[in-house]
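Residue-level structure breakdown
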Amino acid sequence: MLSDSCGFALIFLITLLLALPLGAYMKRVYNGDKSLLDFLKPVENWILKICGIDPEKSMDWKQYVIALLIIQIIWVVPAFVVLMLQGKLFLNPAHVPGMEWSLALNSAISFLTSTNLQHYSGESGASYLSQTAVFSFLQFVSAATSLAAGVAIVRGLTADPGTGLGNFFNDFLRSCTRILLPLSIIVAILFMTGGMPMTFKGPHKIITLQGDTVTVAKGPVASMIPIKELGSNGGGFFGANDAHPFENPGFATFVIHFIIVLLLPMAFIFFIGYYLNRKKFAWMLFGVMTAGLLLLIIPIVKEEAKGNPRITAMGINQSAGNMEGKEVRFGADYSAFYCAENVVIPAGTVASVHDSYMPLADTAMLIGMQIDAFFGGLGTGWINMFMYLIIAVFIGTLMIGRSPELFGKKISTKEMQVAVGVSVLQVLVPVVLAAIACFVYVNKTGGGDTLGWLSNKGPHGFTAMLYEFVSSAAGNGSNFAGLGNNTLFWNLTTSIAMLSGRFVPIAGAFMIVGLMKQKRYIPASLGTLQTDSATFGVFLLVMILILSALSLFVILMAGPMAEHFSLH
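Owing to the predicted nature of the structure, the values given are computational and were not obtained by experimental measurement.

Helix and strand counts for the protein come out as 19 helices and 4 strands. Expected size for 568 residues packed as a compact globule is a radius of gyration near 24 Å; at 23 Å, the protein falls within 12% of this value. Each principal axis of the C-alpha distribution contributes one length, and for the protein these read about 75 × 55 × 50 Å. Looking at the protein as a whole, 57% of its 568 residues qualify as buried. Sequence separation of at least 24 residues holds for 76% of the intrachain contacts in the protein that already meet a minimum separation of 6.

Residues Met 26, Ile 272, Phe 375, Trp 382, Phe 386 and Leu 540 are the most contacted members of the largest nonpolar core, which totals 175 residues. Take this core: its biggest share by element is 18 residues, from helix 9 (residues 251-276). Leave out the neighbours within four places in its chain, and Phe 386 touches Ile 153, Leu 157, Leu 406, Ala 509, Ile 512, Val 513 and Met 516.

Relative to the assigned elements, Glu 468 resides in helix 16 (residues 458-473). Lys 228 is the oppositely charged side chain nearest to the buried, salt-bridge-free Glu 468, at an N-O distance of 17 Å. A polar contact is formed between the side chain of Glu 468 and the side chain of Asn 485, at a distance of 3.3 Å. Not counting residues within four places of it along the chain, the set of residues in contact with Glu 468 comprises Leu 117, His 119, Asn 479, Leu 483, Asn 485, Trp 490 and Thr 494.

Let us now look at the side chain of Thr 177. Mapped onto the elements of the fold, Thr 177 is located in helix 7 (residues 168-193). Owing to a relative accessible area of 16%, Thr 177 belongs among the buried residues under this scheme. A polar contact is formed between the side chain of Thr 177 and the side chain of Glu 44, at a distance of 2.5 Å. Setting aside chain neighbours within four positions, we find Thr 177 in contact with Leu 37, Leu 40, Glu 44 and Pro 182.

By volume, the largest pocket amounts to about 530 Å³. Along the wall of the largest pocket there are 39 residues; nearest its centre are Gln 370, Ile 371, Asp 372, Asn 384 and Gln 426. For the lining of the largest pocket, the elements supplying multiple residues, two or more each, are helix 13 (359-371), helix 14 (380-399), helix 15 (413-443), helix 16, helix 17 (488-517) and helix 18 (534-558). When residues of the lining of the largest pocket are assigned to their parent elements, the largest contribution, 7 residues, is made by helix 15.

Residues spaced three or four apart along an α-helix face the same direction, because each turn holds 3.6 residues. Under the 1.5 Å per step criterion, the end-to-end length of helix 18 is 36 Å for 25 residues, consistent within 8% with the ideal 36 Å. For helix 18, the principal kink sits at Leu 552 and spans about 50°. Among all positions of helix 18, only Phe 536, Gly 537, Leu 540, Leu 541, Met 543, Ile 544, Ser 548, Leu 552, Ile 555 and Leu 556 are buried. Where helix 18 is buried, its residues meet helix 10 (279-306), helix 13, helix 14, helix 15, helix 16 and helix 19 (560-567).

With that out of the way, let us pick up helix 6 (residues 128-155). Between the first and last C-alpha of helix 6 there are 39 Å, a value that for 28 residues agrees with the 40 Å anticipated at 1.5 Å per step. For helix 6, the buried fraction is high: 25 of the 28 residues fall into the buried class.

Next up on the list: empty space enclosed by the protein. Overall, the coordinates contain 1 cavity of 30 Å³ or more when judged by the stated rule. Space inside the largest cavity adds up to approximately 40 Å³. As for the largest cavity, its lining consists of Gly 156, Leu 157, Thr 158, Leu 406, Phe 407, Lys 409, Met 516 and Lys 517. Considered class by class, the residues forming the lining of the largest cavity number 4 nonpolar, 2 polar and 2 charged.

Before going further, it helps to spend a moment on the packing of aromatic side chains. For the structure shown, the criterion picks out 39 aromatic pairs. For the pair Phe 111 and Phe 135, a centre-to-centre distance of 4.1 Å together with 25° between the ring planes defines the contact as stacked. With Phe 111 in helix 4 (residues 101-112) and Phe 135 in helix 6, the pair connects residues that are 24 residues apart, well separated along the chain. For Phe 135, a relative accessible area of 0% gives the class buried. For the pair Phe 168 and Phe 169, a centre-to-centre distance of 5.4 Å together with 70° between the ring planes defines the contact as edge-to-face. One aromatic cluster in this structure is built from Phe 8, Phe 251, Phe 254, Phe 258, Phe 330, Tyr 334, Phe 337 and Tyr 338.

In this sheet, strand 2 (residues 213-216) lies alongside strand 1 (residues 204-207) in antiparallel orientation, the contact comprising 4 bridges. When the bridges of strand 2 are listed, Lys 205 appears paired with Thr 215. In sequence, strand 1 turns back onto strand 2 through a hairpin of 5 residues, with Gly 211 there showing a positive phi of about 90°.

Another aspect to go through is the packing of helix 1 (residues 2-31) against helix 9. Remark: helix 1 packs on helix 9, axes separated minimally by 6 Å, with the N-to-C direction vectors making an angle of 45°. It follows that helix 1 is oblique to helix 9 by the angle criterion. Seen from above, helix 1 lies across helix 9 with right-handed handedness. Residue composition of the contact of helix 1 with helix 9, by class: 25 nonpolar, 3 polar and 1 charged.

Here the focus is the environment of Ile 300. In this structure, Ile 300 sits in helix 10. The residues touching Ile 300, leaving out its near neighbours within four places in the chain, are Ala 336, Cys 339, Ala 340, Tyr 357, Ala 361, Ala 364 and Met 365.

This part covers the packing of helix 1 against helix 7. Relative to each other, helix 1 and helix 7 sit at 150°, their axes nearing to 10 Å. The handedness of the crossing between helix 1 and helix 7 comes out as right-handed. Only Asp 171, Arg 174, Ser 175, Arg 178, Ile 179 and Leu 183 of helix 7 make contact with helix 1, whose side of the interface consists of Leu 22, Tyr 25, Met 26, Val 29 and Tyr 30. For the contact of helix 1 with helix 7, a count of residues per class yields 7 nonpolar, 1 polar and 3 charged.

Scoring rules and cut-offs
Residues numbered from 1 in each chain as written. Predicted model: local features only at pLDDT ≥ 70, side-chain atom pairs only at ≥ 80, totals over all residues. Heavy atoms only, no water. Helix = DSSP H or I, 4+ residues; strand = E, 2+ residues; numbered from the N terminus. Rg over C-alpha atoms; globule rule 2.2 N^0.38 Å. Buried < 20%, exposed > 50% of the residue type's maximum accessible area, 1.4 Å probe, protein only. Contact = heavy atoms within 4.5 Å. Core = buried A, V, L, I, M, F, W, Y, C linked by side-chain atoms within 4.5 Å. Lys, Arg positive; Asp, Glu negative; His and termini not counted. Salt bridge = Lys/Arg side-chain N within 4 Å of Asp/Glu carboxyl O. Polar contact = N/O pair within 3.5 Å; in protein donor to acceptor, adjacent residues only side chain to side chain. 1 Å grid on protein atoms, 1.4 Å probe; cavity = no way out; pocket = protein on both sides within 12 Å on 5 of 7 lines; lining within 4 Å. Points joined across faces, edges and corners; volume = space filled by probe spheres on them. Expected span 1.5 Å × (residues − 1). Bend = angle between axes of the 7 residues up to and from the residue. Nonpolar A, V, L, I, M, F, W, Y, C, P; charged D, E, K, R; others polar. Phe/Tyr/Trp six-rings, centres within 6.5 Å; stacked < 30°, edge-to-face > 60°. Pairing = 2+ DSSP bridges. Axes fitted to C-alpha atoms, helices over the stretch in contact; angles between N-to-C directions. Parallel < 35°, antiparallel > 145°, perpendicular 65-115°, else oblique. Left-handed = near helix turned anticlockwise from the far one by under 90°.

Structural measurements only, silent on function.
Written as structure tokens, this is what we have:
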């Protein structure tokens, strides 16, 4: 375990060394300074021109949000249609049938919101056309939307009250052309070199040594996997996701997976420091997020390394840890590290089955997804941290007898109400939906077994249902497994959770920035709360953990904690 922990620490250090210059590059891109890819400017100008967009026209917060929301509708409608009709369209050598309407709607919303919850099994549920023109495309534009929203919030914290938040379409386009696309091309080349397939040929049939005929699925995998992780998306080309050897051919590619999941969310933190010229503040955020990441990684890895006590009681050697549901090539430790990283970011990619993890590990997963601010999703992780930051500054400043302010702008009751309202709603939506699911299961005519939802009952079954909604609302999309979720009920309810979890925090953050932008800048004084200090960082971390623990405590006791006590 020690050697594996050192390996993960080395991966984290490599990611940090890559994130620092990348954050500086992002500042040049979004500030309009000279950068490495300026040769793309004529192409960008041409695209904006044919769309009738003036990139120099700055938007206020309402215009920015409206532009962001309208373009989502433009993307989701054709995606929904293609998924329903994929069985009759081209690029379908495996003859995959069209999706049922609720599944098509759920899948389109899932990838639109960067959640990538998959109620279908990758290679058998989607044609090559759907994988490329729908899912890969939506993973790009959803990530670019998240990035643009995060950048606008940072831009809104600048001192000048007369400036807008920038132009959404310009930010969105540059996110695609200057950041996501170049990085995806580089990573795709590395993946193809490592053995990842990139072909439009149909499934390959082979005859085994036993004489059986086996169909091996393949396809344009290398074009989809980079953006799934660089963009904090997580949707796999195959049902087994990163446990599949075509998505993750070997340990070298696994290391790349580790790095690119964390790279852009980490780089964004340093971008904040460069853009606002507050590098010390960025390092404070980095320290808080790293500490939070470790606090969630440790229990997940520790629990899986100990193994399952029920299996130990059977006299089975578990020196390798809890290997149930784990990828044998990577072992329990690295599988647990990868699980922890992906529930915290939350990209939601998996290399093991979360249903097989120990209950305390499940507890850490749920808390990590609910917080979604320890690096968090690309752009959106910063937005969630911004909400916690507003609450912490408001409370912390009042504790020292000062008027609350952040970066020279007063924080009034309105901003606090919005931040608290968003935080409460983020907890309320998945909890209420889980309660509805429990009610339906218990009161179903003939008993819950007729629904075919749960393969495990009791606290574990409750955890599976709660996990589905928390994962959806957090934009994670990872599946707990053991849940029959491709039904009308789950397709529609998780769609509600995904839409709420995606757009409510974005709208709330823009509303807060819009209110702060109208206020006069007040220079810092000796009595101003130092938000870039280590002391404030500790206070912010404690506030996040208290708010999250209190909001989920009772629910966790009914699910994974109850299961933990039953095992012992």
